[in-house]
Amino acid sequence: MLVVIVGPMFAGKTTELIRRVERYVIAGKRAIVFKPSIDARYDSSKVAAHNGLKFGAYVVPPDEVGVETIGKLGLDYDVVAVDEVQFFPPRLADVLNELADGRVVIAAGLNLDFRGEPFETTMRAMAFADKVISLTAVCKVCGRPATRTQRLINGAPAPKNSPRILVGGGDSYEARCRRHYVRPA
Ligand code: ADP
Ligand code: TMP
Ligand code: MG
């Protein structure tokens, strides 16, 4: 079974991934959680949520080597979870799809970047998924459900030509609803 958890930043994707993995651990299943080495925001060897929740993780590079490692190590577990899937190459989705034959695979990631463009790896994982969990955050402008992530530079929307990947949290990003999300120019 492949479960894919998507949404904007602050939607609770990492929290939901940890919650699900913990339940399998309680049930006596062997579980492993992977995260890309790019993301050392709160802890280098744990998946960490914006609310302080943490879970031990196996750190892999966000490239083909990382994808291979997940594919190989994952075989020995009942439950394989990967956070921040958007940072890996799209082939991760194929590897997770294969692992999902015979085990539980949980993937969490951003569906859209700050420009409002889909992240290919998350999209591909969603296409293979048995279940997609689409979470919303809270819009920082109006408090309604947020489905978008605004990147901010000195309080203003970051321009379209700023790099796609920029690791950060509340310092450089805000969750926004469709109405208050400003499409980068
Ligand atoms: P994600 O992995 O989707 O970014 P996390 O699970 O890391 O989400 O964090 C979710 C937590 O972020 C919430 O439980 C809440 O404490 C906090 N949070 C901060 N800003 C917001 C926001 N705008 N909307 C919702 N939750 C927020
Ligand atoms: P989160 O979904 O767990 O909050 O983490 C998302 C990470 O992705 C965070 O480090 C910021 C980063 N990010 C980008 O690199 N580019 C983007 O366009 C967006 C929206 C986030
Ligand atoms: Mg997260």
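The shown structure was predicted, so the numbers you read here are calculated from the model rather than taken from an experiment. (Residues numbered from 1 in each chain as written. Chains lettered and ligands numbered in written order. Predicted model: local features only at pLDDT ≥ 70, side-chain atom pairs only at ≥ 80, totals over all residues. Heavy atoms only, no water.)

### Here we look at the site of ligand 1
Inspection of the region around ligand 1 gives 14 residues, with F10, K13, T14, T15 and H50 positioned closest. For ligand 1, an oxygen atom lies 2.5 Å from a polar atom in the side chain of T15. Within the backbone of H50, one N or O atom sits 2.7 Å away from an oxygen atom of ligand 1. Taking 580 Å² as the accessible area of ligand 1 by itself, protein coverage stands at 74%. Taken together, the elements giving at least two residues each to the shell around ligand 1 come down to α1 (13–26) and β9 (137–138). The biggest single contributor to the shell around ligand 1 is α1, with 3 residues. Its residues assigned to classes, the shell around ligand 1 shows 8 nonpolar, 5 polar and 1 charged. (Near = heavy atom within 4 Å. Polar contact = N/O pair within 3.5 Å; in protein donor to acceptor, adjacent residues only side chain to side chain. Areas by Shrake-Rupley, 256 points an atom, 1.4 Å probe, with all protein chains shown as cover. Helix = DSSP H or I, 4+ residues; strand = E, 2+ residues; numbered from the N terminus. Nonpolar A, V, L, I, M, F, W, Y, C, P; charged D, E, K, R; others polar.)

### A look at the UniProt feature "binding site: ATP" (unreviewed entry) in the chain
Taking the UniProt record as the reference, the feature "binding site: ATP" (unreviewed entry) is found at G7, P8, M9, F10, A11, G12, K13, T14, D83, E84, V85 and Q86. The class of F10 is partly exposed, set by a relative accessible area of 31%. The residues contacting F10, other than those within four sequence positions of it, are H50, A137, G169, G170, Y173, E174 and A175. Assessed through its relative accessible area of 26%, G12 is described here as partly exposed. (UniProt positions renumbered as here; feature names shortened; annotations may be inferred. Buried < 20%, exposed > 50% of the residue type's maximum accessible area, 1.4 Å probe, protein only. Contact = heavy atoms within 4.5 Å.)

### Digging into the site of ligand 2
Inspection of the region around ligand 2 gives 19 residues, with K13, H50, F114, R164 and L166 positioned closest. R151 is positioned with one of its side-chain polar atoms (N or O) 3.4 Å from a nitrogen atom of ligand 2. Contact between ligand 2 and L166: an oxygen atom at 2.8 Å from a main-chain N or O atom of the residue. Elements that contribute at least two residues to the shell around ligand 2 include exactly α1 and β11 (148–153). A breakdown of the residues in the shell around ligand 2 according to their chemical character gives 8 nonpolar, 5 polar and 6 charged.

### Here's the deal with the packing of helix α2 (residues 64–74) against helix α3 (residues 91–99)
Interhelical geometry of α2 versus α3 gives an angle of 5° and a closest axis separation of 10 Å. Judged on the interaxial angle alone, α3 and α2 are roughly parallel. Contacts between α2 and α3 involve E64, V67, E68, I70, G71 and G74 on the former and, on the latter, R91, L92, V95, L96 and L99. The class makeup of the residues in the contact of α2 with α3 is 6 nonpolar, 2 polar and 3 charged. (Axes fitted to C-alpha atoms, helices over the stretch in contact; angles between N-to-C directions. Parallel < 35°, antiparallel > 145°, perpendicular 65-115°, else oblique.)

### Remarks on the sheet that holds strand β12 (residues 156–157)
With antiparallel pairing, 3 strands are arranged side by side in an open sheet as β12-β11-β13. Whereas interior strands pair on both sides, the edge strands pair on one side only; in this sheet they are β12 and β13 (173–176). Bridge count between β11 and β13: 4 bridges; the pairing is antiparallel. Considered in β13, the bridge of R151 is made with Y173. (Pairing = 2+ DSSP bridges.)

### A word on the side chain of K35
Here K35 lies in strand β2 (residues 31–36). Here K35 falls in the buried class, since its relative accessible area comes to 3%. Setting aside its immediate chain neighbours within four residues, K35 contacts D43, S44, K46, V47, A57, Y58, V59, V60, D83 and F88.

### Some points on the state of the cysteines
The full count for this structure, using the stated rule, is 0 disulfides. Summary of cysteine pairing: C142 is not part of a disulfide, and the nearest cysteine sulfur, belonging to C139, is at 3.8 Å. (Disulfide = S-S within 2.5 Å.)

### Considerations on the UniProt feature "binding site: Zn(2+)" (unreviewed entry) in the chain
Residues given the UniProt feature "binding site: Zn(2+)" (unreviewed entry) here are C139, C142, C177 and H180. Spatially, the listed residues are clustered: although they cover 42 residues, their C-alpha atoms lie within 8.1 Å of one another. Its place among the elements puts C142 in the loop between β9 and β10 (145–146). Not counting chain neighbours up to four residues away, the residues in contact with C142 comprise C177 and H180. Within the fold, H180 resides in the segment after β13. Not counting residues within four places of it along the chain, the set of residues in contact with H180 comprises C139, V141, C142 and Q150.

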